[in-house]
There are 2 protein chains.
Amino acid sequence: METHRLNATQAVSAIRDGMLSAETLMRACLDRIAERDDAVKAWLHVDPARAIAAAREQDKRARNGQPCGPLHGLPFGVKDMIDTAVLPTTYNSPIYPDHRPAKDAACVATARASGAVLLGKTDTVEFAAFGRRAATCNPHNLAHTAGGSSSGSGAAVADFQVPFTFGTQTGGSLIRPASFNGTYALKPSWSSVSTEGAKLLSTSLDTVGWYGRAVSDLALVASAFALCAEDLEEALSMHSSLRRVRVGVCRTPQWGAIEPAGAQAFEAAAQRVRDAGATVVDITLAPVFDQMMAAHDTIIVGEGQSAFRHLQLSHAHLMHPEMARRFAPANLLPPTALREAYRHAALGRAALDALFDTVDVLLAPAAPGEAPRDLQSTGSATFNSIWTLLHVPCLAVPCTTGPQGLPVGVQLIGAEREDAKLLRVAAALAPFIDAERQ
Amino acid sequence: METHRLNATQAVSAIRDGMLSAETLMRACLDRIAERDDAVKAWLHVDPARAIAAAREQDKRARNGQPCGPLHGLPFGVKDMIDTAVLPTTYNSPIYPDHRPAKDAACVATARASGAVLLGKTDTVEFAAFGRRAATCNPHNLAHTAGGSSSGSGAAVADFQVPFTFGTQTGGSLIRPASFNGTYALKPSWSSVSTEGAKLLSTSLDTVGWYGRAVSDLALVASAFALCAEDLEEALSMHSSLRRVRVGVCRTPQWGAIEPAGAQAFEAAAQRVRDAGATVVDITLAPVFDQMMAAHDTIIVGEGQSAFRHLQLSHAHLMHPEMARRFAPANLLPPTALREAYRHAALGRAALDALFDTVDVLLAPAAPGEAPRDLQSTGSATFNSIWTLLHVPCLAVPCTTGPQGLPVGVQLIGAEREDAKLLRVAAALAPFIDAERQ
């Protein structure tokens, strides 16, 4: 296998076994980027010399017998709305063309302290919100969107340019690009990974997560954040048979927005999970969940108005008109609208938590269908917002190929803070759901 | 009145009327600090020359007829766990002795864009969490604590060193110091003021707020954050009589922790509110609220473990032993503990929101009693954590003087996002509650 195609789990194992150096892996990724970036445009900032020097440092640590972290030697990319001290952080906004934060965001610092090596910054929608789009194209068909707002992070991993990347999700910015690009992603439980140093959009919703090319990759990074055991075999082993795993098949109140390709992937996934031997039950969500989409949309606008108030006061002329309009002081939401949205969200969270007393994971669509043929669109988050609002961990798994030849995925969803359990169940189910490429 | 004693409302009005310049006010504050800082120790970083130059800039704006914001010319202090680009930001941690963020925190940027002038950084408990204490003493008796973790911010305003300051509350770090120091504070609704650039401790709980010496001061700053109307008279006018205001007197499930001085303040406040003509009803909280303190404590530890993971991995030796122990990877909470805490919090938020359909505000203790005579203590947050967890706005009002000659306050609490209503009711009630000093 070409070096740049090694997934995170394979690469970290090859490095640990002395079969591969961090420098060789970094150079392979940089070569792949050099070959592909004109087409895919996943990256905003790459500093090859610095990345190679940092990889060499990790090789030196290993040679000197110094302790090596669980991500030792792995190159990684960071969505450019997450702070890095050694590379620019622009949030894809003209307000911050030369911004250089004084410290790394917490997720970047955790990855580096765990041995990973920063490769570069990936393109994003302006402030990961509503403004300027990433230039990134879908690696499967350059005329189609890679999704957003974690556009570059999703495309770079899918295109074998880097083994893992960080992104963020406030609506559907991690899971939807995973589906569009045909790769894996974890949106962990809300607040289980520090958002410090990720540009704030909505405190209730913003979640840092990551892309990889296998469930084991997602678990590997999760172990660095103490979301599962560091021993991957232990972290991903099912202590009971798949037959005892109860999977709730959940079309969500947004099912009316599903496209044929999305429905096909979803039904295929449900069938494959059933064939794998899991106990599959149909779940119809209670009426309280019908309020979640509206609550999500109210909260993102209300909290966004607070988050961007200082920029509205000082730099409104440099904000994208769509951003400026949505968060305009003149369009402030009445307090009662937010109060009601929070009340609905609280009731929804309690109700979903109770639902997870009856199933282990939910299976739900990850996106309406294939990636739209429109680089100015990022697709719809209609199948993601509800889960983001409800704070539960979501894991994207590739499933089928649509009529346009583009990948379509599904997502598995766990109870709040049961990220480790979700990873275990996903590891057992993914070989069946993602059977076409195995 | 001596210039440094002008409260924020008086000062901003005197500047607007041309009776006072921003520079004169800044110099008066700096003189007061020079006189008092050896005793009170509220400040970690003050740069007088820069502060005076910035005040002059505001005076120049006014002379040139440029637009002036609602906080035009007001000096302000910032708790040193909130980022400032022109002054160091140490979080009172030896990990960051020379840290200089590349941009201001959102609250600082909003205040500056509204015309306020940064005076300096105030002392804080390490990371506003559990570590090294602020050196700050209570200005009413230097042998007593000023409270914490917003120690310097509370003391500086109470001691007439600056008209307003920013602080943060995760347990009771704004309201408790207000009570101990005899001043006013607003902890706004959670996420109604951006926490961007405030060191993250607990996403569910962290709230940026401020100190002032009158309800009108709190409203003035709130107007800069669009939490109430910019026209202060409009913002604080009651459109109906006090008789129609329903005040719920709430001893909270923690009443067993009240001290005689705290009980006296609380009963006095309830009587004064009754005498003022408000409709006063006794509120006994439903059993669901008995779970709030435990849920708060679980969430602060669980989210703190996520927030400080990167520092645990890279700088554990420089963390205070109390911090390191509480957030140690070895002491990770089981997911079920957090899951249960979040479920309780959700149920509590929905229940409290329904309670606010029957009352306009709650009256509750702000602290157990007077400030402890112990500079290594910051007092107990037992009367604050429940409201922080429940995301509702809290406003501290001074009330009585205890047997040791120290102030004791109470708090008024509004429904989530009803900050403007809380400010209006508090403006009407504060002259009665705080009658002894008027």
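Residues numbered from 1 in each chain as written. Chains lettered and ligands numbered in written order. Predicted model: local features only at pLDDT ≥ 70, side-chain atom pairs only at ≥ 80, totals over all residues. Heavy atoms only, no water.

Caption draft 1: Inspection of the sheet that holds strand β3 (residues 117-122) of chain B at higher detail. All names here are of chain B. Sheet architecture is open: eleven strands sit in the order β1-β3-β2-β6-β8-β7-β12-β13-β11-β9-β10, paired in mixed fashion. Since the sheet does not close on itself, it has two edges, and those belong to β1 (43-46) and β10 (279-283), each with one partner. This sheet shows a mean twist of 30° between the axes of neighbouring strands, independent of strand direction. With three bridges connecting them, strand β7 (residues 184-187) and strand β8 (residues 207-212) associate as antiparallel partners. Across the sheet, Y184 pairs through a bridge with G212, a residue of β8. Packed on one face of the sheet, helix α9 (residues 260-275) meets β9 (246-250), β10, β11 (361-365), β12 (394-401) and β13 (407-413) and runs near 105° to β12. (Pairing = 2+ DSSP bridges. Helix = DSSP H or I, 4+ residues; strand = E, 2+ residues; numbered from the N terminus. Axes fitted to C-alpha atoms, helices over the stretch in contact; angles between N-to-C directions. Contact = heavy atoms within 4.5 Å.)

Caption draft 2: Focus on the relation of the copies chain B and chain A. Under the fitted operation, chain B is carried onto chain A by 0.0 Å of movement along the axis and a turn of 180°, and the coordinates agree to an RMSD of 0.0 Å. One copy is carried onto the other by what is essentially a two-fold rotation axis. Of every C-alpha in chain B, the one belonging to B:A346 sits nearest the axis of rotation, 2.3 Å from it. (Least-squares fit on C-alpha atoms with pLDDT ≥ 70 in both.)

Caption draft 3: Just the sheet that holds strand β3 (residues 117-122) of chain A, in detail. All names here are of chain A. Overall, mixed pairing links the eleven strands, which are arranged β1-β3-β2-β6-β8-β7-β12-β13-β11-β9-β10 in an open sheet. Either end of the sheet is taken by a strand with one partner, and the two such strands are β1 (43-46) and β10 (279-283). Recorded for the sheet is a direction-independent mean angle of 30° between the axes of neighbouring strands. As paired strands, strand β9 (residues 246-250) and strand β11 (residues 361-365) are joined by three bridges and run parallel to one another. Residue pairing for β11: G248 is matched across the bridge by L362. The strands that helix α2 (residues 22-40) touches are β1, β2 (75-79) and β3; relative to β3, the one it contacts most, it runs at about 15°.

Caption draft 4: Here's a closer look at the nonpolar core. Of all hydrophobic cores here, the largest spans 282 residues; its most connected members are A:F166, A:W387, B:F166 and B:W387. Each residue touching B:W387, except ones within four places of it in the same chain, is listed here: B:K187, B:C250, B:T252, B:L285, B:L352, B:L362, B:A364, B:V392, B:C394, B:Q411 and B:I413. (Core = buried A, V, L, I, M, F, W, Y, C linked by side-chain atoms within 4.5 Å. Buried < 20%, exposed > 50% of the residue type's maximum accessible area, 1.4 Å probe, protein only.)

Caption draft 5: Molecular detail of helix α10 (residues 292-307) of chain A. Compared with the 22 Å implied by 1.5 Å per residue over 16 residues, the 21 Å span of α10(A) between its first and last C-alpha is a close match. Of all 16 residues in α10(A), 13 are buried; the element is thus mostly enclosed. (Expected span 1.5 Å × (residues − 1).)

Caption draft 6: Region of interest: the interface of chain B and chain A. Taken together, the 53 residues of chain B in the interface contact 53 residues of chain A. Each partner contributes to the roughly 4400 Å² buried at the junction of chain B and chain A, and carbon and sulfur atoms together form 55% of this total. Looking at the side of chain B facing chain A, the largest losses of area belong to B:H310, B:R339 and B:R417, adding up to 16% of the total buried there. Applying the counting rule to chain B against chain A returns twelve salt bridges. When the shortest N-O distance is used, the salt bridge between A:R343 and B:D357 registers 3.2 Å. Counting every contact that joins chain B to chain A gives 26 residue pairs in polar contact (both at pLDDT 80 or more). Listed by contribution, the elements that provide at least two residues to the side of chain B that touches chain A are α4 (106-113), α7 (215-224), α10 (292-307), α11 (309-315) and α13 (335-355) of chain B. Along the lines of polarity and charge, the residues of the side of chain B that touches chain A split into 25 nonpolar, 14 polar and 14 charged. (Buried area = accessible area lost by both parts, 1.4 Å probe. Salt bridge = Lys/Arg side-chain N within 4 Å of Asp/Glu carboxyl O. Polar contact = N/O pair within 3.5 Å; in protein donor to acceptor, adjacent residues only side chain to side chain. Nonpolar A, V, L, I, M, F, W, Y, C, P; charged D, E, K, R; others polar.)

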